[in-house]
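Structural features, examined
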Amino acid sequence: MSPVLNIQPHSSVNSKIPDLAIEDSQTVVIFGGTGDLTRRKLLPALFAMSEENRMPEAFRIIAFGRREYTQESFREEMADEIFKFQRVDGSKQDVNAFVQHLDYFKGSLDEMESFEALHKQMSDSSVYPQNRVFYLSTAPVFFGPVTEKLKGSGLVYNAPDEYWSRVVIEKPFGRDLESASALNQDILKLLDESQVYRIDHYLGKETVQNILSFRFANTIFEPVFNSQFVDHIQVTASETVGMESGRGAYFDTAGSLRDMMQNHLCQLLCLVTMEPPSGFASDAIRNEKVKVLQSIRVPALDDVRENMIRAQYAAGQMNGENVHAYVNEDRVPGDSRTETYVAAKFYIDNWRWSGVPMYLRTGKRMARKQTSITVQFKKPPMELFRTVECEHDVCDLTEAQPNMLTFRIQPDEGISLHFATKRPSMHMVVEDSELDFKYADHFRGTLPEAYERLLMDVMRGDATLFMRSDEVEAAWTIMDPVLRAWKERDSRIPLHFYAPGTWGPIAADELFEGVNGDWMNT
Ligand code: BG6
């Protein structure tokens, strides 16, 4: 009898590849330990990693905060939060066992004594593994000072040492080129670049990492990814949320350009346009991303006027409910001119992409949550299939639509390819069809959360999915002239308004003038 191979019809998330686990025992300290990110993302991510047996044999987590808690009250509160926000379906019992690894440390980010006391506590190697991750989930003003105190108190080691220490810095990294460079300088005086992990959580998303495998593990797409075949590329990150939970206080100091475009959208654009790296080592990939950023044409004042649209949401309705105008949101000044929407057209001046418009847009309170990248290809050189079709006295021009490749980053994660097919009939009429790949159909299980992947990488010492200092500065170099031009209150650069629940201001559609396309509002 011939042998029977038991091959599963589909690969799955829990496939045969041995899963990654963290080997080095370590202590993770979270500054901002009682904050929203800690509750919703960081602790649930660490819990998921523990449930999936990825955590090292010995680990401890210290949440550093200002509030008053006993160990028990803190663990109890966090157990509830983890249970609520977890991805993995752990039982109450599992969560309670996990929080036994969690300690609360009451301290002040402003006081060196707190850091010295923390150092003393963490020096007890019978309780705290001596490899250390410090996660700065704090307001940005603390990034420099906390790093200084970490170094001053001896909590971070010199690199390399018997044990390692790593510092994770949340966004936003600077608010313009000058402040980002200054922050880099301050931090790199104290730490080696290899110890610094600058977060952009979009890079931790499974579907974002798949952009590189899609491009470089297949041979059929890469040859057409260039100005000869591509008409334009568009990246959208639209959200339905507004300024819930007092977010307006932070957002009003940032705006969509700083909050989303300088980091998340630029990173997506880099991944879809970068050259193949020489390997998968972190610097090989980051070098290629930096080259893209350095090739993006820095907008001159005229480019800002013509190619950058900013807008703010007005009052209106979403899903049948009245919602406030941005200026009436909690903790937002009534005369704020901060943009809650931005759309831009950029050019990458390099051999591959010269002349191809790159459209980026992001906004709050839009019609739906959608993060996607669409690569629209050129039309065939000759229109063979133009037909005029009439129904009663209404006539329409039918012609082949350009091919479009869309990466759906979230939600409904997947990839689709649009192409023209002949409609079955006696006539030669073409119509747009779609090949659609959906993660949910193909892979079993839920996709890991971005923060799981990123924490895992920090704990294993892999910086590929984190931003290097030159990368951050290159992205700010592009945005700086825009910020300066907007500040001038130039009447030729208006702040537009849009109704909540829509796709943003009409003015943004004009960016496509002369181009064969429009925003993809799926
Ligand atoms: C954050 C921004 O970085 O990303 C938020 O500060 C935004 O304003 C969020 O809402 C969006 O992230 P996601 O993963 O929900 O797309």
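Note that the coordinates shown come from a computational prediction; the quantities given were computed from them, not determined experimentally.

The rules behind these values
- Note that residues are indexed from 1 along each chain, following the sequence as it is written.
- A pLDDT threshold of at least 70 governs which residues receive local features in this predicted model, and a stricter bar of 80 or more applies before side-chain atom pairs are shown or counted, although totals over entire chains, interfaces and linings include all residues.
- With hydrogens and water stripped out, all remaining heavy atoms of the structure feed into the side-chain values.
- Nearness here has a simple test: a residue counts as near a molecule or strand if at least one of its heavy atoms is within 4 Å of that partner.
- Any N or O atom pair separated by 3.5 Å or less is treated as a polar contact, with the protein-specific requirement of one donor-capable and one acceptor-capable atom, and with residues adjacent in sequence counted only for side-chain atom pairs.
- Under the convention used here, a 1.4 Å probe and the Shrake-Rupley method define accessible areas, while residue burial counts only the protein chains that appear.
- Labels follow the DSSP assignment, with helices taken as runs of H or I lasting at least four residues and strands as runs of E lasting at least two, numbered in each case from the N terminus.
- All amino acids are sorted into three groups, where Ala, Val, Leu, Ile, Met, Phe, Trp, Tyr, Cys and Pro are nonpolar, Asp, Glu, Lys and Arg are charged, and the leftover types, Gly among them, are polar.
- Angular values range over 0 to 180 degrees, each being the angle between N-to-C directions of two axes fitted as lines to C-alpha atoms, with helices fitted over their stretch in contact.
- An angle counts as roughly parallel when it lies under 35 degrees, as roughly antiparallel when it exceeds 145, as roughly perpendicular when it falls between 65 and 115, and as oblique in every other case.
- Whether two residues are in contact is decided by their heavy atoms: any pair within 4.5 Å suffices.
- A domain assignment, automatic or from a database, supplies the domain bounds used here.
- Throughout, buried area stands for the accessible area (probe radius 1.4 Å) lost by two parts on being put together, summed over both.

Below, the discussion takes up the site of the ligand. Around the ligand, a shell composed of K171, H201, Y202, K205, E239, R247, D259, M260, H264, K364, K369 and Q410 is seen. Between the ligand and E239 there is a distance of 2.5 Å, counted from an oxygen atom to a side-chain nitrogen or oxygen. Interatomic distance of 2.6 Å between a side-chain N/O atom of K364 and an oxygen atom of the ligand. Taking 400 Å² as the accessible area of the ligand by itself, protein coverage stands at 79%. For the shell around the ligand, the element with the highest residue contribution is helix α9 (residues 256–273), accounting for three residues. Partitioned by chemical class, the residues of the shell around the ligand number two nonpolar, three polar and seven charged.

Axis angle and axis distance: for two packed helices, these are the angle between their axes and the distance between the axes, and together they describe the pair. Where α9 meets helix α10 (residues 282–295), the axes come as close as 9 Å, and the angle between the chain directions of the two elements is 110 degrees. Of the possible angle classes, the one that applies to α9 and α10 is roughly perpendicular. Here C266, Q267, C270, L271 and T273 of α9 lie close against α10, whose contacting residues are K289, V292 and L293. Among the residues forming the contact of α9 with α10, the class breakdown is five nonpolar, two polar and one charged.

The subject of this paragraph is the domain arrangement of the protein. The parts lose accessible area when they come together, and the size of an interface is often stated as this lost area. Examined at the domain level, the protein breaks down into domain 1 (26–199) and domain 2 (203–379 + 466–508). Placing a centre on the C-alpha atoms of domain 1 and another on those of domain 2 gives a separation of 30 Å. In this complex, domain 1 contributes 15 residues to the contact, which on the side of domain 2 involves 16 residues. Here domain 1 packs against domain 2, burying approximately 1,400 Å² in sum over the two surfaces, 56% of which is carbon and sulfur.

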